[in-house]
Amino acid sequence: MAGIALLGILTVLFGMGIYVSVAMGLGGLTLVTIFGDRPVWDIFGYVPWNTTTSFTLVALPLFVLMGEVLLRSGVTEGMYSTLSKWLNPLPGGLLHSNIAACAMFACISGSSAATAATIGGVSLPFLKSYGYSDRVAAGSLVAGGTLGILIPPSIVFIIYGVLVEESIGKLYLAGFVPGFMMAFAFMVLIALQAIRKPSIAPKVPPSTWRERLVGLGSLLPILFLMALVLGTIYTGVATATEAAAFGVCGAFLIAIVNRRISATMLRETFLASAGTTAMILFILIGAFVLQFILAFLGLPALISNWVISMQLTQMQVVLMICLLYIVLGTFMEELSMVVTTIPIFLPMLKALGVDLVWFGVVVVMLVQIAIVSPPVGMNLFILHALRRQLAGPGKEPPISDIFIGVMPFFFTMILTLVLVIMFPQIALWLPGSAK
Amino acid sequence: MANSNGGALLGVFGLFERLSVAMAYISGALLTLLSFFIAADVLGRGSGKFYSGATDEISGFVMTMAVTWALAYTLTIDKHVRVDLLLGLVSAPVRRLLDWIALLLLTLFAGLLAINSWGLALDSYDIHALSPSILQVPLAIPQGVMAFGFSTLAAQSFLTLLVATFDPSGLARARAAESKAAPVQYDV
C-alpha cells in the first residue's frame with residue numbers, strides 16, 4: 001500500500017514539475033505522515049548534515065571544480081586536431097576523432113554534458129566544412145559524450161557509490177575497461193557505416209608523420225592529469241576524494257602554464273562549480289531524506305521480500321531493472337531516475353548477492369542510454385543547441401536528424417551493456433588487480 | 001501604489017540576489033582552497049612532515065558550507081532540477097500556476113530544512129557537542145553555518161514566490177538578467 005502511494009505521490013509531483021529534491025523530501029514526509037507511527041521532523045536536520053559533511057561525497061564538488069578549471073585552461077586545444085591527424089586514414093575519417101576526443105576528455109571530466117558540449121563545439125564546424133554527414137556527426141557526438149560518465153572520473157559513479165556505500169575508487173576502476181570498450185565499439189560502427197556509404201565521411205587531405213608526431217605534445221597535459229587522478233587511485237596512494245584534490249591542483253597548474261588564470265576565469269570557475277555542486281547536492285539531500293523515510297517504513301525490505309518470494313534469479317532481476325531504466329530513461333531526468341530508484345532496489349540486490357561494483361557499471365551504462373534516448377535526453381538537446389548556433393538565425397536544423405543519427409549508436413550501447421552483463425569480468429578485473 | 005510596492009519588492013529581491021551571488025563566490029573559493037589543503041595534507045602525510053590529522057572532518061565542514069551557501073544562487077539562475085517534460089506541453093497560464101506551486105513547495109521544504117538545522121545546531125550547543133577529531137570543534141558552529149545556508153535558500157525562495165505573485169514580469173526580467181550573467185553550467 002505504501003509502495004503504491006509512493007509511486008503515486010512521486011509521479012504526480014515529478015509530473016507537475018516540482019523541484020526534484022522537494023518532491024522526494026516532501027513526498028517522503030507525506031508518506032511517513034500517513035503510514036508512520038511517529039513524527040520524524042528531526043531527520044530534516046541531521047540527514048542534510050550527514051549528507052553535506054560526508055568525506056566520500058567531497059569528491060563530487062572537487063571533480064566538478066576540476067572540470068570547470070579544465071574547461072577554461074586551454075587543455076583541449078590541439079587535442080582534437082592531433083587525434084584527427086592520427087585517425088583520419090581510417091574509414092570514417094574525422095568521425096573517429098569525435099569518439100577518441102570524447103574518450104580522452106572523459107578521462108579528465110566527470111560529466112557527459114560537458115564532454116558532448118566541449119568536443120561538439122570544436123568538431124562540428126570542422127566536420128561541416130568538410131561536408132560530413134550531419135546526422136552521423138551529431139549521433140557520434142551525442143553518444144561519445146556519454147563516455148564522460150563511464151570513463152572515470154565520473155559524477156554518476158560518486159552518487160551511486162555514496163547511495164550504496166561502495167568504494168568510489170573501485171567503481172572508477174571498474175568503469176575504465178567498459179568505457180574504452182564502448183569507445184572501440186563506436187569506432188567499429190562508424191567504420192562499418194562509412195564502408196557501406198562512403199559519402200557520409202568524405203576524404204580529408206592526409207597529414208605528414210612529422211605533423212602527427214609534433215601534435216602528440218598537445219596530449220601530454222591530459223595524460224599527466226590522468227596519471228595524477230587515476231594513477232593515485234589505482235596504486236592505492238589516494239582515495240577518490242584525495243585524487244580529486246590532486247586533480248584540481250593539476251588543472252590549475254595546466255591553466256597557469258597556458259597563461260589562462262585571470263580574474264574573469266576565476267570568477268566563472270567559482271560560480272559555475274558552486275552552482276553545479278549545489279544543484280546536485282540539493283537533489284542528494286532530498287534523495288537521502290526519502291531513503292531514510294523508506295527504510296524507516298521498511299518499504300525496500302518489503303519489496304525485496306516480495307521479489308525474492310517470486311523466486312527470480314539474480315539475472316532475471318537485473319534484466320528487469322535494466323528494462324525499467326530503459327523505459328524510464330526515455331522521459332525522465334537521468335540523475336533523478338538513479339537517486340529515486342537505487343534506494344528501493346538496494347536491499348533486494350544485496351539479498352540476491354549482486355556484486356554492487358559490477359551493478360554500478362551497469363547502472364551508469366543505463367544512464368548513458370537514457371541520456372541518448374529520444375525524446376528527452378540531455379546530450380540530444382546539447383547537440384541541438386550547438387547545431388542551431390552553427391546554422392545561424394532562421395535556419396534551424398530539425399532535432400529529428402539527431403534522433404535518427406544516434407539510433408545506431410544507441411543499439412551499440414545496448415550491445416556493450418549486454419556484454420558487460422554477460423561477462424562481469426570486463427568490469428571487475430581492473431579493480432580486482434588494484435592495490 | 002501597486003507600482004511602488006512592486007518596486008520595493010523587486011528592490012529587496014535584487015538585494016537578496018546579490019547576497020546569493022556573493023555567497024556562491026565564497027563557496028567556489030572555499031572548494032578551491034579545500035582542494036589545495038587536501039592535496040597538501042596527503043603529500044605531508046606521505047612525507048611525514050605535516051599532517052592535520054583531521055582532513056576528513058575539515059573537508060566535511062567546508063563542504064557543508066560550500067553546498068548550502070550556493071543553494072540560493074542556484075535558485076536565482078533557475079538551475080535547480082525539475083522534470084520539465086509536461087511543463088513544455090501546457091498553456092502559459094497553467095505553466096505559471098505550476099511554476100508558482102513549485103516555488104511554494106520549495107519555500108516549505110527549504111523552511112523545513114532551515115528550522116530543523118537550527119534545531120540541530122541548538123541541541124549541539126546545549127549539550128556542548130564537540131567534533132570527534134583532535135580539533136574538538138563545537139559542532140554548533142558548522143551546523144549553524146549550514147542552517148544559515150538553508151535559511152538563505154528559504155528566504156530567497158519566499159521572495160521569489162512573492163515576486164512571482166505580485167510582479168511576474170519583473171521575475172522573468174530578473175531571472176533572464178541573472179542567467180545571462182552566470183557562466184555556462186553543465187548538468188551531469
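The structure presented is a predicted model; accordingly, all values stated were derived computationally and were not measured.

Colleague: Please set out the overall build of chain B residue by residue, giving values where relevant.
Modeller: Counting its regular elements, chain B contains six helices and zero strands. Per-residue burial for chain B yields a buried fraction of 52% across its 188 residues. The centroid of the 10 positive side-chain charges in chain B is displaced by 11 Å from the centroid of its 12 negative side-chain charges.

Colleague: Which residues make up the overall build of chain A, and what values go with them?
Modeller: The helix and strand tally for chain A stands at 22 helices and zero strands. Rg of the C-alpha trace for chain A: 22 Å, near the compact-globule value of 22 Å for 435 residues, within the 12% margin. Across its three principal directions, the C-alpha atoms of chain A cover 75 × 50 × 45 Å. Within chain A, buried positions represent 63% of all 435 residues.

Colleague: So what's going on with the packing of aromatic side chains? Which residues, and what values?
Modeller: For the structure shown, the criterion picks out 15 aromatic pairs over all chains. Arranged with centres 6.1 Å apart and planes meeting at 55 degrees, the rings of A:Tyr325 and A:Phe345 form a pair that is tilted. Of this pair, A:Tyr325 sits in helix α17 (residues 314-331) while A:Phe345 sits in helix α18 (residues 334-351), and the two are 20 residues apart along the sequence. Its relative accessible area of 0% is what places A:Tyr325 among the buried residues. Its relative accessible area of 11% is what places A:Phe345 among the buried residues. Of the aromatic side chains, those joined through ring pairs into one cluster are A:Phe44, A:Phe282 and B:Phe109.

Colleague: Before we move on, could you go through the environment of A:Leu253 and cite the residues and values that matter?
Modeller: The residue A:Leu253 is located in helix α14 (residues 240-257) in this model. Between the C-alpha atom of A:Leu253 and that of A:Pro221, which follows or precedes it by 32 residues, the distance is 9.7 Å.

Colleague: Residue-level account of the layout of surface pockets, with values.
Modeller: A volume near 1500 Å³ is recorded for the largest pocket. When contributions to the lining of the largest pocket are tallied by element, the ones reaching two or more residues are α20 (378-391) of chain A together with α4 (92-126) and α6 (168-181) of chain B. Residues belonging to the lining of the largest pocket are distributed by class as follows: 26 nonpolar, five polar and 11 charged. Put simply, the second largest pocket is a space of about 980 Å³. Of all the secondary-structure elements, those providing two or more residues to the lining of the second largest pocket are α1 (2-15), α16 (299-309), α17 and α18 of chain A. Looking at the lining of the second largest pocket element by element, the count peaks at eight residues for α1(A). Looking at the lining of the second largest pocket, its residues break down into 25 nonpolar, five polar and no charged.

Colleague: Pulling in residues and values, what's your account of the environment of A:Ala255?
Modeller: Residues and elements named next belong to chain A. With respect to the helices, strands and loops of the structure, Ala255 is situated in helix α14. Looking at Ala255, the relative accessible area reads 0%, which means it is buried. Note: C-alpha distance between Ala255 and Leu71 (184 residues apart in sequence) is 9.5 Å. Setting aside chain neighbours within four positions, we find Ala255 in contact with Val69, Ser73, Arg260, Ile261 and Met265.

Colleague: Summarise α20(A); cite the residues concerned and give the values.
Modeller: Residues and elements named next belong to chain A. Relative to the 20 Å expected for 14 residues at 1.5 Å per residue, α20 spans 20 Å between its end C-alpha atoms, a close match to the ideal helical length. Turning to α20, its buried residues are Met378, Asn379, Leu380, Ile382, Leu383, His384, Leu386, Arg387 and Ala391. Close packing links the buried residues of α20 with α7 (112-129), α8 (134-145), α18, α19 (356-372) and α21 (400-422).

Colleague: Tell me about the packing of α19(A) against α21(A), and name the residues and values.
Modeller: Residue and element names in this part refer to chain A. Between α19 and α21, whose axes approach to 10 Å, the crossing angle comes to 170 degrees. Taken together, α19 and α21 sit at an angle that is classed as roughly antiparallel. Contacts between α19 and α21 pair Trp358, Val361, Val362, Met365, Leu366, Gln368, Ile369 and Val372 from the former with Val406, Phe410, Met413, Ile414, Thr416, Leu417, Val420 and Ile421 from the latter.

Colleague: Tell me what's going on with the pattern of salt bridges, and back it up with residues and numbers.
Modeller: Residue and element names in this part refer to chain A. Under the counting rule described, the total for this entry stands at 10 salt bridges over all chains. Of the charged contacts, one joins Arg72 and Glu268 as a salt bridge, the two residues approaching to 3.2 Å between their closest N and O atoms. Note that Arg72 is positioned in the loop between α4 (59-71) and α5 (79-87) and Glu268 in helix α15 (residues 263-297), a separation of 196 residues in sequence. For Arg72, a relative accessible area of 15% gives the class buried.

Cut-offs used in this document
- Residues numbered from 1 in each chain as written.
- Chains lettered and ligands numbered in written order.
- Predicted model: local features only at pLDDT ≥ 70, side-chain atom pairs only at ≥ 80, totals over all residues.
- Heavy atoms only, no water.
- Helix = DSSP H or I, 4+ residues; strand = E, 2+ residues; numbered from the N terminus.
- Buried < 20%, exposed > 50% of the residue type's maximum accessible area, 1.4 Å probe, protein only.
- Lys, Arg positive; Asp, Glu negative; His and termini not counted.
- Charge placed at Lys NZ, Arg CZ, Asp CG, Glu CD.
- Rg over C-alpha atoms; globule rule 2.2 N^0.38 Å.
- Phe/Tyr/Trp six-rings, centres within 6.5 Å; stacked < 30°, edge-to-face > 60°.
- 1 Å grid on protein atoms, 1.4 Å probe; cavity = no way out; pocket = protein on both sides within 12 Å on 5 of 7 lines; lining within 4 Å.
- Points joined across faces, edges and corners; volume = space filled by probe spheres on them.
- Nonpolar A, V, L, I, M, F, W, Y, C, P; charged D, E, K, R; others polar.
- Contact = heavy atoms within 4.5 Å.
- Expected span 1.5 Å × (residues − 1).
- Axes fitted to C-alpha atoms, helices over the stretch in contact; angles between N-to-C directions.
- Parallel < 35°, antiparallel > 145°, perpendicular 65-115°, else oblique.
- Salt bridge = Lys/Arg side-chain N within 4 Å of Asp/Glu carboxyl O.

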